[in-house]
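# Summary of the model geometry
Listed here are the chains, written in short residue letters.
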Amino acid sequence: MQRPLFLTGMMGCGKTTVGRSFALDRGLALVDLDHRLERLFGVAVPELLAHGEQQFRARESEALASLLAEPGFGQRAVVVATGGGAVLDAENRRAMDAVGTRVYLEVGVDALVRRLRPDVEAQADARPLLGGDTARLRQRVAELLTARRSIYRSGARCIDADADPSTVVTRVAIALGETDESRGSEAV
């Protein structure tokens, strides 16, 4: 991998978990776009969303643009865990594709609800776009996934991410064309 890897997908699909593991296995840096967003604007994601999703998406695009504008960024092997909605903006997709590779971690509604459900009350603060009880969570996840699925898939390498993180890391490596030879003696 000689260029940035952008992990995309719904909240709860494992972008940060898989990204952290993938990066650690390869000695690469991980950039969590939500964390960068919070550092740049000095407020937590839920507070940014409190001003409306449109304003939040604009800030998210600014955070991505600032990352991509870093000198030499496009020539670095780095893993970026994007926010779930970062790819909704066509310009963001074009910018990511110009410097790196997008991989969509595809997970179905049932798996997303299972992953997000354990602490749905706590998630209401951490993930304001979800909120509510399990029935509301399922409905909202289904709505978001239906609205976003084709955008996530468009121009990205799509992998089934409904598995444990180590399996998903292996699937990402395969999607990127990593082989035993390209990584030395380590098996993929």
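All of these numbers come straight from a predicted model, not from anything done at the bench.

### A look at the overall build of the chain
Across its full length, the chain carries nine helices and five strands. For the chain, restricting intrachain contacts to residue pairs at least 6 apart in sequence, the fraction spanning at least 24 positions comes to 73%. Accessible surface, the chain: about 9,000 Å² in total, of which carbon and sulfur atoms supply 50%.

### What about the packing of helix α2 (residues 33-41) against helix α4 (residues 53-68)?
At their nearest, the axes of α2 and α4 sit 9 Å apart, and the two run at 100° to each other. As far as their axial angle goes, α4 and α2 are roughly perpendicular. Along the contact surface, α2 presents L33, D34, R36, L37, L40 and F41, while α4 presents F56, R59, E60, E62, A63, L64, S66 and L67. In terms of residue class, the contact of α2 with α4 is made up of eight nonpolar, one polar and five charged.

### A word on the confidence of the model for the chain
Averaged over all residues, the pLDDT of the chain equals 87, while 86% of them reach at least 70. Taken element by element, the chain is modelled with least confidence in helix α7 (residues 120-126), mean pLDDT 47, and with most confidence in strand β1 (residues 5-8), mean pLDDT 98. Predicted confidence is poor over residues 119-128, with pLDDT under 50, and the contacts of this stretch with residues over four places away or in other chains come to twelve contacts. Under a pLDDT of 50 for its full length, residues 181-188 has, in the predicted model, 15 contacts with residues more than four places off or in other chains.

### Considering the side chain of N92
With respect to the secondary-structure elements, N92 resides in helix α5 (residues 90-99). Residue classification places N92 among the buried residues on the basis of a relative accessible area of 6%. Here the side chain of N92 touches S61 through a polar contact of 3.0 Å, side chain to side chain. Each residue touching N92, except ones within four places of it in the same chain, is listed here: S61, L64 and A86.

### Some details on the packing of aromatic side chains
Enumeration according to the criterion identifies two aromatic pairs in this entry. Here the aromatic rings of F6 and F73 are separated by 6.4 Å at their centres, their planes lie at 50°, and the arrangement is tilted. Taken together, the residues F6 in strand β1 and F73 in the loop between α4 and β3 (78-81) connect sequence positions 67 residues apart. Of the two residues, F6 and F73, both sit in the buried class. Aromatic pair Y104 and Y152: ring centres 5.0 Å apart, planes at 15°, arrangement stacked. Linking Y104 in strand β4 (residues 101-106) with Y152 in helix α8 (residues 134-153), this pair joins segments that are 48 residues apart in sequence. Over the aromatic face of F22 sits the side chain of R26, whose NZ or CZ is 3.8 Å from the ring centroid.

### Digging into the side chain of T82
Inspection of the secondary structure assignment puts T82 in the loop between β3 and α5. Separated by 2.8 Å, the side chain of T82 and the backbone oxygen of L7 make a polar contact. Excluding residues within four positions of it along the chain, T82 makes contact with F6, L7, T8, K15, L33 and M96.

### Looking at the pairing of β4
Summarising burial for β4: six of the six residues are buried, a large majority. In this structure, β1 lies alongside β4, joined through four bridges in parallel fashion. Bridge assignment links L5 to a residue of β4, and that residue is T101. Two elements, β4 and strand β5 (residues 157-160), share four bridges in a ladder whose sense is parallel. Residue pairing across strands places V103 opposite R157, the latter belonging to β5.

### Observations concerning α4
Over its 16 residues, α4 runs 22 Å from end to end, which matches the ideal 22 Å to within 8%, given 1.5 Å per residue. Among the residues making up α4, those that are buried are F56, R57, E60, S61, A63, L64, L67 and L68. Each buried residue of α4 lies within a common arc of 160° when the element is viewed along its axis, so the set occupies one face.

Cut-offs used in this document
Residues numbered from 1 in each chain as written. Predicted model: local features only at pLDDT ≥ 70, side-chain atom pairs only at ≥ 80, totals over all residues. Heavy atoms only, no water. Helix = DSSP H or I, 4+ residues; strand = E, 2+ residues; numbered from the N terminus. Contact = heavy atoms within 4.5 Å. Areas by Shrake-Rupley, 256 points an atom, 1.4 Å probe, with all protein chains shown as cover. Axes fitted to C-alpha atoms, helices over the stretch in contact; angles between N-to-C directions. Parallel < 35°, antiparallel > 145°, perpendicular 65-115°, else oblique. Nonpolar A, V, L, I, M, F, W, Y, C, P; charged D, E, K, R; others polar. pLDDT = per-residue confidence, 0-100. Buried < 20%, exposed > 50% of the residue type's maximum accessible area, 1.4 Å probe, protein only. Polar contact = N/O pair within 3.5 Å; in protein donor to acceptor, adjacent residues only side chain to side chain. Phe/Tyr/Trp six-rings, centres within 6.5 Å; stacked < 30°, edge-to-face > 60°. Lys NZ or Arg CZ within 6 Å of the ring centre and 35° of its normal. Pairing = 2+ DSSP bridges. Expected span 1.5 Å × (residues − 1). Arc of directions from axis to C-beta.

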